[in-house]
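Below are the chains, spelled out letter by letter.
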Amino acid sequence: MNMNTFPLSFQQHMIFCAIAVVFLVLQFIRQRYWYQPVVAAAVAASLLIYVNESEKWFHTVGAAELVMMLAAVVLYIVQARKLAKAEKAKEEAQKAAVEAEKTDVPAAEASAHEEEPAAEVALQDAAEAEEAAEEETT
């Protein structure tokens with residue numbers, strides 16, 4: 001490979017790719033963002049430029065890299081919006097729980113054994129919203 005076109009030696013490129021792939025896989029295990037395995041695949045696929053010396057192959061690998069990076073951006077945006085929605089729903093449920101608890105204190109003392117106080121119901125709704133958000137991310 002011409003050093004003007006691609007300034008890394010094969011050994012340097014291999015080390016970089018190994019470190020990047022391990023880092024991205026560990027981050028995916030920890031955070032569960034779907035763009036991370038796509039970027040890891042793109043980084044590993046960059047080693048394909050050494051398979052063939054033709055300029056056409058080099059540009060084909062570059063186009064595939066571009067597609068994978070655009071897919072990673074789209075995945076990140078979609079998942080970030082879903083997480084933001086879930087976080088907003090969780091916050092609203094918690095606010096409703098606090099408001100319900102403020103208004104239910106006298107009613108809870110009067111009817112201790114009847115229905116669940118609204119605060120507990122709101123907290124259960126918040127927990128269900130959080131579970132739903134976790135299911136969307138996995």
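Enquirer: Can you lay out the nonpolar core for me, pointing to particular residues and giving the numbers?
Expert: In this structure, Cys 17, Ala 20, Leu 24, Val 39, Ala 40, Val 43 and Ala 72 together form the largest nonpolar core, which totals 7 residues. If you list the elements that add at least two residues to this core, you get helix H1 (10-31) and helix H2 (35-45). Those residues in contact with Ala 72 that lie beyond four places of it in its chain are Tyr 35, Val 38 and Val 39.

Enquirer: Outline the pattern of salt bridges, supporting the account with residue identities and numerical values.
Expert: This model, assessed by the stated rule, comprises 1 salt bridge. The partner of Glu 99 in a salt bridge is Lys 102, with the nearest N and O atoms 4.0 Å apart. Highlighted residues: Glu 99 and Lys 102, both in helix H3 (residues 55-110), separated by 3 residues, approximately one helical turn. Taking the relative accessible area as the measure of exposure, Glu 99 reaches 46% and is therefore partly exposed.

Enquirer: Could you give an account of the packing of H1 against H2, naming the residues involved and the relevant values?
Expert: Where H1 contacts H2, the axes come no closer than 9 Å and their chain directions differ by 170°. Of the possible angle classes, the one that applies to H1 and H2 is roughly antiparallel. Between H1 and H2, the residues in contact are Phe 16, Cys 17, Ala 20, Val 21, Leu 24, Gln 27, Phe 28 and Gln 31 and Gln 36, Pro 37, Val 39, Ala 40, Val 43 and Ala 44, respectively.

Enquirer: So what about the confidence of the model for the protein? Which residues, and what values?
Expert: Confidence in the prediction of the protein, expressed as mean pLDDT, is 84, and 75% of residues score 70 or more. Within the protein, no element has a lower average pLDDT than helix H4 (residues 118-137), which sits at 68, and none a higher one than H2, at 97.

Enquirer: Any details on the packing of aromatic side chains? Residues and values, ideally.
Expert: Following the criterion strictly, the structure yields 5 aromatic pairs and no others. For the pair Tyr 33 and Tyr 35, a centre-to-centre distance of 5.9 Å together with 35° between the ring planes defines the contact as tilted. By relative accessible area, Tyr 33 is classed as partly exposed at 25%. Through successive ring pairs, a cluster of aromatic residues spans Tyr 33, Tyr 35 and Tyr 76. In this structure, Arg 32 is placed above the aromatic ring of Phe 28, and the distance from its NZ or CZ to the ring centre is 5.2 Å.

Criteria and cut-off values
- Residue positions are given per chain, counting from 1 as you read along its sequence in written order.
- Only residues with pLDDT of at least 70 get local features here, since the model is predicted, and only at 80 or more are side-chain atom pairs given and counted; chain-wide, interface and lining totals rely on the full set of residues.
- For side-chain calculations, the full set of non-hydrogen atoms in the structure is used, while hydrogens and water are omitted.
- For the purposes of this section, nonpolar cores are sets of buried Ala, Val, Leu, Ile, Met, Phe, Trp, Tyr and Cys residues that join through side-chain atoms within 4.5 Å.
- Each residue is assigned to one of three classes by its accessible area relative to the maximum for its type, calculated with a 1.4 Å probe on protein chains only: buried under 20%, partly exposed between the two thresholds, exposed over 50%.
- The helix count covers DSSP runs of H or I at least four residues long, the strand count covers runs of E at least two residues long, and both are numbered beginning at the N terminus.
- Residue contacts follow a heavy-atom distance rule, with two residues in contact if any of their heavy atoms lie within 4.5 Å.
- By salt bridge we mean one thing: a side-chain nitrogen of Lys or Arg within 4 Å of a carboxyl oxygen of Asp or Glu.
- Inter-axis angles, ranging from 0 to 180 degrees, are taken between N-to-C directions of lines fitted to C-alpha atoms, where helices are fitted over the stretch in contact.
- Angle categories are assigned with fixed cut-offs, so that under 35 degrees is roughly parallel, over 145 is roughly antiparallel, 65 to 115 is roughly perpendicular, and the rest are oblique.
- Each residue carries a pLDDT score, the predictor's confidence in it, ranging from 0 to 100.
- Pairing of aromatic side chains requires ring centres within 6.5 Å, counting the rings of Phe and Tyr and the six-membered ring of Trp. Pairs whose planes differ by under 30 degrees are stacked, by over 60 edge-to-face, and all others tilted.
- Should the NZ of a Lys or the CZ of an Arg lie within 6 Å of a ring centre and within 35 degrees of the ring normal, that charge is described as sitting over the ring.

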